[in-house]
Amino acid sequence: MPSIWKKNVVYCYLVYALCLVMLHSCTGSREETTISDSQQPTPVETTVITQIPSPIPTSTLFSTATASLTPTTQPVEHTPTPTSPSTNNESQEAEEDDVCVDTTLAFNFNDIRKGTVRWRVDGAGGLHCCEHTGSIYQINRNPDPLSNLALVSVITDGNVPIYSANVLVDLTTGAFKILGDDYIAVPRYLVDWLTDETVLWVDEEGEMYVGSLETQESFNAPAKMTDMWLVSPDLIVTRDEAYQFWYFDLTNSVWTQLPANESEKITWRWIDYAAVSDDSDYLFFFFESYSAILFLDSRTIQTATPTFTSEDKYYVIVDSTEGDTFLPPQQIKGTPFWFFRTEWVIREFSQINYPSKGFIVDSRTGEVVEHEVLGIPPELAIYDAFLSPDRTWAAVEVVEDIQTLKTYPGQVSQTWFISLATGESHVEDGEFAGWEAESQDYLNAPLSCTNQEITIDLASPAQD
């Protein structure tokens with residue numbers, strides 16, 4: 001790895017480059033264009049909905065043979081009523097031509113708005129999600145395409161320590177439920193989907209629950225949990241505040257502890273990037289200086305430290321820029337390779353250091369893959385990368401005019417489309433156009449839609 005001095009140089013370079021990114025986003029063509037205030041459709045009427053706690057009974061979802069689930073109370077479901085269109089004839093004609101509903105979810109913290117998420121439902125009931133402000137760091141849609149549920153995470157206080165919240169939202173009705181509103185730091189691995197309507201979560205006290213918008217039950221966790229992953233179909237892996245890993249068997253409701261000599265192999269306090277493999281055989285962890293695999297059957301952890309051919313080959317910055325939404329690493333289907341979407345890696349090419357966004361890691365070695373694995377000629381500089389929604393194709397931009405790497409953005413000459421599972425590839429000239437531009441265009445189109453707003457008031461975090 002680079003020396004501390006070199007890391008500092010790289011960090012300075014990244015800060016400089018990110019500043020250029022922000023400037024470029026105002027004038028360049030590579031960033032998504034947001035609608036200005038003058039372009040936004042004028043709301044016909046606004047409905048503001050706030051949460052009013054009301055205890056209701058919950059139902060039993062799992063066997064309680066060993067470690068019983070404790071029923072709890074929770075707020076009643078909240079469903080906003082869409083506002084009526086204007087009586088103006090022109091507006092009515094526009095609605096008839098393209099009926100749509102815009103919903104804005106607004107988070108208030110001490111009467112100060114801390115973040116918003118806007119989505120649009122078209123006349124056919126199609127969902128287009130989401131436009132958001134910078135304090136929204138995660139919008140986790142349910143993987144079932146028929147489900148309209150989403151988990152939205154918001155930073156409520158960006159000071160140190162950081163406070164944040166998780167909220168379950170129905171994007172069609174606007175019903176919501178706060179799963180935790182006083183987290184210290186960013187709760188990246190405190191929620192997961194069990195079924196199309198059921199979610200698992202850990203609250204700010206470290207207790208683990210299963211439930212939906214209407215129900216919730218406690219798993220009676222044996223320790224204060226800080227991380228959680230669902231291993232399909234019936235196993236949950238958790239980690240507690242003492243860095244100890246646990247298994248919870250959903251079938252028998254039994255907690256078991258990973259051997260302490262295995263848990264101690266992962267020494268990082270916060271798990272920044274981790275995910276379960278598609279075959280449910282292992283849990284992959286990625287850190288700046290090493291990676292680790294927890295083999296779920298043998299309950300052993302294997303670590304891997306990359307071997308650098310040059311100490312300046314690359315340097316990973318496990319971070320994202322403001323406005324990016326967090327996404328765990330995604331396994332490229334049928335391969336041991338994992339894709340990181342919003343994070344940066346500092347690459348070195350032809351004695352030029354430059355930031356590259358989106359990269360692929362080999363879980364067996366922990367290394368960021370480069371030309372040989374991707375099949376890209378060595379005279380081209382690897383630039384930004386993107387993964388298709390079905391996780392089968394990587395789109396990798398390359399730069400031929402190397403001198404343009406000294407400033408941001410570099411001049412992309414080609415996009416390589418690569419299937420790491422089959423070895424197939426093809427090349428197109430120019431920058432990558434995007435996988436789902438059509439839905440994004442509809443979301444940002446200046447249409448005359450019915451408007452509604454949901455306001456969630458979050459409690460003030462406890463003061464240390």
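About the criteria used
- Residues numbered from 1 in each chain as written.
- Predicted model: local features only at pLDDT ≥ 70, side-chain atom pairs only at ≥ 80, totals over all residues.
- Heavy atoms only, no water.
- Helix = DSSP H or I, 4+ residues; strand = E, 2+ residues; numbered from the N terminus.
- Buried < 20%, exposed > 50% of the residue type's maximum accessible area, 1.4 Å probe, protein only.
- Contact = heavy atoms within 4.5 Å.
- Pairing = 2+ DSSP bridges.
- Axes fitted to C-alpha atoms, helices over the stretch in contact; angles between N-to-C directions.
- Disulfide = S-S within 2.5 Å.
- pLDDT = per-residue confidence, 0-100.
- Core = buried A, V, L, I, M, F, W, Y, C linked by side-chain atoms within 4.5 Å.
- Salt bridge = Lys/Arg side-chain N within 4 Å of Asp/Glu carboxyl O.

1. Overview of the overall build of the protein chain
Part 1 of the argument: In terms of regular secondary structure, the protein chain is built from five helices and 30 strands.
Part 2 of the argument: A total of 464 residues make up the protein chain; the buried ones form 50% of that total.
Part 3 of the argument: When contacts within the protein chain are restricted to residue pairs at least 6 apart in sequence, long-range pairs at least 24 apart make up 53% of them.

2. Re the sheet that holds strand 5 (residues 136-141)
Part 1 of the argument: The four strands lie next to each other as 5-6-7-8, forming an open sheet whose pairing is antiparallel. Strands at the two margins of the open sheet, each flanked by one partner only, are strand 5 and strand 8 (176-184). Taken pair by pair, the neighbouring strands of this sheet meet at an average axis angle of 15°, ignoring direction.
Part 2 of the argument: Bridge analysis of strand 6 (residues 149-157) against strand 7 (residues 163-170) gives eight bridges, and the strand direction is antiparallel. Its bridge partner being in strand 7, D157 is matched across the sheet by Y163.

3. Let's talk about the sheet that holds strand 30 (residues 450-458)
Part 1 of the argument: Spatially, four strands are ordered 4-3-2-30 in an open sheet, and the strand pairing comes out mixed. Each edge of the open sheet carries a strand with a single partner, namely strand 4 (127-132) and strand 30. Put simply, the sheet's adjacent strands are angled 20° from each other on average, direction ignored.
Part 2 of the argument: Pairing geometry for strand 2 (residues 101-109) and strand 30, over nine bridges, is parallel. Paired with A106 across the bridge in strand 30 is T455.

4. A closer look at the state of the cysteines
Part 1 of the argument: Summed over all chains, the structure comprises two disulfides.
Part 2 of the argument: Here C129 connects covalently by a disulfide to C130, the sulfurs 1.4 Å from one another. What sets the handedness of the C129 and C130 disulfide is the S-S torsion sign, and at about -65° it is left-handed.
Part 3 of the argument: Of the residues examined, C130 reaches a relative accessible area of 13% and is grouped as buried.

5. Topic: the pairing of strand 27 (residues 394-399)
Part 1 of the argument: Counting buried positions over the six residues of strand 27 gives six, a clear majority of the element.
Part 2 of the argument: By the alternation rule, side chains of strand 27 split into A394, V396 and V398 and A395, E397 and V399, which are all buried.
Part 3 of the argument: Linkage of strand 26 (residues 381-387) to strand 27, two consecutive antiparallel strands, is achieved through a turn of six residues, within which R391 is found at a positive phi near 60°.
Part 4 of the argument: The pairing of strand 27 with strand 28 (residues 412-418) spans six bridges and is classified as antiparallel.

6. Looking at the confidence of the model for the protein chain
Part 1 of the argument: For the protein chain, mean pLDDT is 79; residues scoring 70 or higher make up 74% of the total.
Part 2 of the argument: Contacts of residues 1-12 to residues separated by more than four positions or lying in other chains number 16 contacts, the stretch itself having pLDDT below 50.
Part 3 of the argument: The low-confidence segment residues 70-96 (pLDDT under 50) makes 70 contacts with residues lying over four places distant or belonging to another chain.

7. Examining the nonpolar core
Part 1 of the argument: Counting 34 residues, the largest nonpolar core has W229, V237, F245, I266, F285 and L294 as the members making the most contacts within it.
Part 2 of the argument: At the level of elements, strand 13 (225-231), strand 14 (235-240), strand 15 (245-249), strand 17 (273-276), strand 18 (282-286), strand 19 (291-295), strand 23 (337-349) and strand 24 (352-362) are the ones that each hand at least two residues to this core.
Part 3 of the argument: For this core, the element with the most residues is strand 18, which contributes five residues.
Part 4 of the argument: Excluding residues within four positions of it along the chain, L294 makes contact with V237, F245, Y247, L258, D281, Y282, L283, F285, R299, T300 and I301.
Part 5 of the argument: Formed by 21 residues, the second largest nonpolar core is a distinct cluster that contains L105, W119, I139 and L171.

8. What about the environment of S419?
Part 1 of the argument: By the element assignment, S419 lies in the loop between strand 28 and strand 29 (425-429).
Part 2 of the argument: Classification of S419 as buried rests on a relative accessible area of 6%.
Part 3 of the argument: As for S419 and I332, which are separated by 87 residues in sequence, their C-alpha atoms are 8.9 Å apart.
Part 4 of the argument: Residue contacts for S419: discarding those within four places in its chain leaves T392, W393 and E424.

9. Quick look at the environment of T195
Part 1 of the argument: Residue position: T195 is located in the loop between strand 9 (191-193) and strand 10 (199-202).
Part 2 of the argument: Spatially, the C-alpha atom of T195 lies 9.1 Å from that of P143, the residues being 52 residues apart in sequence.

10. Observations concerning the pattern of salt bridges
Part 1 of the argument: All chains considered together, the criterion is met by nine salt bridges.
Part 2 of the argument: In this structure, R391 and D278 form a salt bridge, with 3.1 Å as the shortest nitrogen-oxygen distance. With a gap of 113 residues between them, R391 in the loop between strand 26 and strand 27 and D278 in the loop between strand 17 and strand 18 connect regions that are remote in the sequence.
Part 3 of the argument: Looking at R391, the relative accessible area reads 19%, which means it is buried.
Part 4 of the argument: One salt bridge in this structure joins D362 and R364, with 2.9 Å as the shortest N-O distance.
Part 5 of the argument: Look at D362 and you get buried, because its relative accessible area is 9%.
Part 6 of the argument: Residue classification places R364 among the exposed positions, given a relative accessible area of 52%.
Part 7 of the argument: Three or more residues are tied together by salt bridges with common partners; here these are D102, R118, R120 and E131.

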